[in-house]
Amino acid sequence: MGDEGNVNYTLLHSANPTETTETGDSEKYAMFSVPLIRPNDKLIAIGAKQNKVKFVLFIILCVLTLSLTFILRFLLGFWKPKWKTLITHSVCAANEATVFLVEERTKCAQAKVVKVRLQKADLGNYIVNKLSQFSDHNDDISIVEYKLDRYVFTGTSLVRITGLGDGETTAVLKDMISSDNLALDTLTQVFGRNILDVPLKPVLHFVLTEVLTFFYFFQLFSCIVWYNNYYEIYATVIIVMSVLSAASTTYITRKAIVKLRRAVLFECEVEVKRGGKIETIKSGDLVPGDIVRVPFAETKVSYDGVLLCGSVVVDEAMLTGESVPTLKNPLPFEWIEEEYHADKNEVNTLFSGTTILQTRPPPSGEDTNVYCLVTRTGFRTKKGETVKFMLHPSQTQKFKFYSEAWTYIKIMAVIGLAGMIYNIYDCIKNEYSVADAILNSLDLITIIIAPSLPLALSIAVYYAIRRLKQNKIKVALPNSINIAGKVKMCVFDKTGTLTEEGLTLHCVLSVNSGVFSEEQTVNIDQHLRGALSCCHSLSVINDKICGDPIDLIGQHASGFEFKVSDIEQELYKNQVTAETVDSKTGAKLGLIKIIPFESHLKRMSVVCEAADGEVRVFCKGAPEQIMLHCDKATIPGDFTTQLDNLSSQGYRIIAYASKTLPNNNDILSTPRDSLESGLTFQGFLVLANRLKPETRVVVEELKRAGLRTVMCTGDNLKTAVCVGRDCSMIPDSADLYLVTAELREDGGLDVQYTLQEHTPVGIAMEDTHNMYWGPYRKVHLAMEGSTFQLISKHDKSLMDRVCVTGTIFARFSPEQKKSLIDEMQQRSYSICMCGDGANDCEALRHANVGIALSKCEASLAAPFTSAVFNITCVPVLLKEGRGALENGMAVFRFTAMYSVIQYVSVLLLIQYESILGDYQYLLEDLAVVLMFDFALGYTKPAKILAMKRPRGSLMHPYTIFSFIVQTVIVVGFLLLSMWLVQQQPWYDPFNVIRTAYLAEGEMYVAYYETTVNFVHSSFQYIIISLVVSIGYPHRRALYTNIPMCISVLLTTGILLLVMFVPPDKIPKLEMADIPSNTYKLIMLGLVVGNLVLALGVEYSYRVCPPLQWFLKFLRCKKGHKNKFKRLVDEMDGGGTWPLESSSGV
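Residues numbered from 1 in each chain as written. Predicted model: local features only at pLDDT ≥ 70, side-chain atom pairs only at ≥ 80, totals over all residues. Heavy atoms only, no water.

### Side note on the pairing of strand S32 (residues 680-688)
Item 1. For S32, the buried fraction is high: eight of the nine residues fall into the buried class.
Item 2. By the bridge criterion, six bridges tie strand S22 (residues 504-512) to S32 in an arrangement that is antiparallel. Within S32, the residue paired with Ser 510 across the bridge is Gly 683.
Item 3. Where strand S31 (residues 651-661) and S32 come together, eight bridges link them in antiparallel fashion. Looking across to S32, one finds that Ala 657 is bridged to Phe 681. (Buried < 20%, exposed > 50% of the residue type's maximum accessible area, 1.4 Å probe, protein only. Helix = DSSP H or I, 4+ residues; strand = E, 2+ residues; numbered from the N terminus. Pairing = 2+ DSSP bridges.)

Given below as structure tokens:
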């Protein structure tokens, strides 16, 4: 790879490419991981280029076949893109490739290669110069496009192009700003246009993608067979239904993409500085390296960029879901050794999709404009990454339901083929021609696989989306609904999620002479008031102070007036951007510089000047971090005691400190560490952050359902522990250990477990969520992000234990939250993450199910967005997920049994050389079956989350056993009904033909066996619909499903009419006239017996312990399939951890 580590691009997979040889040609395979897909999901990129011989032969064939070859190749691309490409291309060395064949899982796609010629005049540009190391002998570089991402081919691998500046020092960025060489044409070819133009393919493409599938080809085949057998009406209805189904699916799919496209497509005019001049261009023409003049207000940002000078207040609700004005400050270029990273330096970065609310000009200089350096454009921006996630979501879980549906289809196809072969043999034996025998037998194949099967895979999800919308939950990824039904763990943010968004002031603790004062809300120490008044990132928008709620509370408590206009600059030696005025004394403080809050540092600072010329630094942040930067002599002796006492009561604590700077100090160029060292501790701002009323109820509901509940927050550890206790996430009866880790010089870890003392209050709820283990049933761990990071990096064995017993994770940065989700998923947990956006965005997208609490309609923060601002949305979504999964299983099982019933009934009638009539098929398939397909999926989820999750597997022993037993019952009662009719005194021998006449005078043949078979099999469809409607424990009872009840009553009434109305009244059904009403009552008795036996057997699976044990035995499970359960078993036999000595762990 050479010097690739220095380039400004993210290498996603650094493994060496594999060399293979085939037919003497050397092929280079570049393996890499596509962004937003788990690191274990490897892709193989195979280079190919056009083969002139193949291409000429293809053109000749197209001419000779009147373009039929071209059409066939075009259609082939929908099934086998690799084959389509290889018709005209040949595999070649990667450095010669014009396209790459990217193999992902079982799919293959073609990735286009763009050759970009590097001009010598452009080599002065920083980016072009970096790219030149990957150019070939013609000064060309290869840019590969795949899933809206771009990669540069380095000669040995593919490196993802992200943007400008990541990993570079501020000194390098400063040099890039001064460069006038933009190389516009080259950069546009490399990065593409700066526009989120979601590909919208033609309607024909959507139609072909939908219909060029197995099901639609099978339906076409079935209709041809039915037309051949004169079932014209039924075949026509199926064709119409298929066309309507394809049209509606195409419409819905295309509408969703159009909606996303309209939401993200944005282009406006921007002013850029090029060649020392300001010019106006379209935002789509921006390239990395452009310097943009930021407009004043109410404008959307169309790029990611570093703020160079001045300040900007933005609303990032579209990205984070949190509609709070956020202050962006210029990158401190005076700190020349600092590295810039877009994620790390969020406070210095404008992101695409955010809205500018206000700009503040730089405090000094002739140019009062605000400028920004463009670093990322198009789909490489933060907004672009989110859009790519929506279009190509992460495959976070292998969902069995869909893959097993295909296994079922293959099995049923084999059964249908066996029946077809038997029928061909029987027909030939009865002296049918081979052609007639085959044509008559093809009908069996069309019966065994129901045409309505695709409907079964989607109808339940459709109803779930409608109900979620009624509960104010927006669904961006419908397939995630079924995954929600398999969730094993719920992870919650704290502030704004478990607790109220709005904080209230509890008190202020100031420090005088090294001693904490009494709790105060008024008469606060003057120095602490000064810190409260200006150590924040508030803004004034439309004469209203806006910003973070904590900042607002602190500023209000200070008693100072905050203003950004009408500032008396002549009072200050330095240029100030804002001013605070003491309402009591009239003392003024001018804001010179803001050093923004950074999550990994857990603190922020400001530099202020008083009217008397004194310059002070005010710093605030996490108490444990502020303490490290203070002069120890100024720290009160009871600092830790006070902090622990307040934290254990659930208060949120912000520490403040300050120091005076010498007058000759160069404020702007002083490094942050120097400004924030040797501080004088000033005191605490203590905030009450109360639980939301719904939180405890929801947490207890989730725990009763056997779901683990975990908190992951950026707040203080002991505050988080207190909230965890209050919401019953940690029961009073449980042992909680605070875990700390330090890295030894030899590379090992010293891990300490401190048992937290706790006095139980009231009667605690039983700790049901740790139900899997014995000794550790009541053990919970709590730790900070730094400890988690050390354990994750240095002790995987301990990380296993942390993942199955950890409950409180505090002081976690956004990156650490994402790492926690990844670690849990590696141990087989399916995770639902719920947060309020902002710092939770990455974790929300990495979780199997992510729910953002946001009232912003356009929010792209997570796959699910709840406009109800509490965690009641979590059980609602999980219930709908479980209900949708069970409903989908029910519809699928019903459709499968419908195929079996019809298949068996036709096979039985073949023995009597009879078949069902055209209208009999229509009544069964349309009036009965299709109605139930729609009605079954309408069942609402249960009101209570059950302890056991739904199976979600078609190959589960229960599902298979039920299918086999119900099939036996179906066959048995069909045989019994046909045998009984033959025992009746009025029954004529089979070879006596009974005739009846249609109104037009045409004649049809009706046999008793056919009539009995049709009536009883039709009732069996109703019986099976009732069997699969057994809702407990994940769905409500049948009587709550009104459409289902109506369907049962309506179809039962229709069949009773068919039984008792004389056949000549309904001649098109071709029914035989059964002369005995007594036998008709016997038929009804058989139906009731069939119903009782089918329901009885189905219920016995749930209440009969021996049968349940037998089904478990059939599974032949040798151990737990989930890794976390295996880890628990190992822990149960592994000593007394964490009570054992922890030194040297």
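### Thoughts on a positive patch on the surface
Item 1. Taken together, the side chains of Lys 255, Lys 259, Lys 469 and Lys 474 define a basic patch exposed on the protein surface.
Item 2. For Lys 474, the location among the structural elements is in strand S20 (residues 473-475). (Patch = residues over 30% accessible without salt bridge, like charges linked within 9 Å, V, L, I, M, F, W, Y side chains within 5 Å. Areas by Shrake-Rupley, 256 points an atom, 1.4 Å probe, with all protein chains shown as cover. Salt bridge = Lys/Arg side-chain N within 4 Å of Asp/Glu carboxyl O. Lys, Arg positive; Asp, Glu negative; His and termini not counted. Charge placed at Lys NZ, Arg CZ, Asp CG, Glu CD.)

### Quick word on the sheet that holds strand S13 (residues 299-300)
Item 1. Here four strands make up an open sheet; going across it, the order is S13-S18-S15-S16 and the pairing antiparallel. Of all strands in the sheet, those with a lone pairing partner are S13 and strand S16 (325-328), marking the two edges.
Item 2. Sheet topology places strand S15 (residues 311-315) next to S16; four bridges connect them, and they run antiparallel. What sits directly across from Val 313, in S16, is Leu 327.

### A word on unusual backbone geometry
Item 1. Phi is positive for Lys 602, which is not a glycine, with a value near 60 degrees.
Item 2. The topology assignment puts Lys 602 in the loop between strand S28 (588-598) and strand S29 (603-610).
Item 3. For Glu 1070, which is not a glycine, the phi torsion comes out positive at approximately 55 degrees.
Item 4. Relative to the elements of secondary structure, Glu 1070 occurs in the loop between helix H32 (1042-1060) and helix H33 (1077-1103).

### What about helix H28 (residues 873-911)?
Item 1. The terminal C-alpha atoms of H28 lie 57 Å apart, and with 39 residues this matches the ideal 57 Å at 1.5 Å per residue to within 8%.
Item 2. Most of H28 sits inside the fold, with 37 of its 39 residues counted as buried.
Item 3. Where H28 terminates, the next one or two residues include Glu 913, which has phi positive at roughly 55 degrees. (Expected span 1.5 Å × (residues − 1).)

### Focus: the packing of helix H31 (residues 1008-1027) against H32
Item 1. Interaxial distance between H31 and H32 falls to 11 Å at its minimum, and their mutual angle equals 165 degrees. By the angle between their axes, H31 is roughly antiparallel relative to H32. Helix-helix and strand crossings are classified by hand; for H31 and H32 the assignment is left-handed. Seen from H31, the contacting residues are Phe 1014, Val 1015, Ser 1018, Phe 1019, Ile 1022, Ser 1025 and Leu 1026; seen from H32, they are Met 1044, Val 1048, Thr 1051, Thr 1052, Leu 1055, Leu 1056, Val 1058 and Met 1059. (Axes fitted to C-alpha atoms, helices over the stretch in contact; angles between N-to-C directions. Parallel < 35°, antiparallel > 145°, perpendicular 65-115°, else oblique. Left-handed = near helix turned anticlockwise from the far one by under 90°. Contact = heavy atoms within 4.5 Å.)

### Quick look at the environment of Thr 98
Item 1. Relative to the elements of secondary structure, Thr 98 occurs in the loop between strand S4 (89-91) and strand S5 (99-104).
Item 2. Put simply, Thr 98 and Val 113 are 15 residues apart on the chain and 5.2 Å apart in space, counted from C-alpha to C-alpha.
Item 3. If we skip the residues at most four places from it in the chain, Thr 98 touches Ala 48, Lys 49, Gln 50, His 89, Lys 112 and Val 113.

### Some remarks on a nonpolar patch on the surface
Item 1. Residues Val 53, Phe 55, Val 56, Leu 57, Ile 59, Ile 60, Leu 61, Val 63 and Leu 64 make up a contiguous nonpolar surface patch of about 840 Å² in total accessible area.
Item 2. Residue placement: Val 53 occurs in helix H1 (residues 52-64).
Item 3. Residue Val 53 is classed as exposed on the basis of its relative accessible area, which comes to 57%.

### Digging into the sheet that holds strand S19 (residues 370-376)
Item 1. The sheet built from six strands is open, its strands ordered S11-S10-S12-S19-S14-S17 with antiparallel pairing. Because the sheet does not close on itself, it has two edges, and the strands there are strand S11 (277-282) and strand S17 (349-350).
Item 2. Summarising the sheet, strand S10 (residues 269-274) and strand S12 (residues 291-294) pair through three bridges and their orientation is antiparallel. Paired with Glu 271 across the two strands is Arg 293, which belongs to S12.

### Describing the pattern of salt bridges
Item 1. By the definition in use, this model includes 30 salt bridges.
Item 2. The partner of Asp 197 in a salt bridge is Arg 261, and the shortest N-O contact between them spans 2.4 Å. Separated by 64 residues along the polypeptide, Asp 197 in the loop between helix H6 (184-191) and helix H7 (203-211) and Arg 261 in helix H9 (residues 232-264) bring together distant segments of the chain.
Item 3. Looking at Asp 197, the relative accessible area reads 36%, which means it is partly exposed.
Item 4. Relative accessible area serves as the criterion here: at 21%, Arg 261 is assigned to the partly exposed category.

Any functional reading would require information that these geometric values do not contain.
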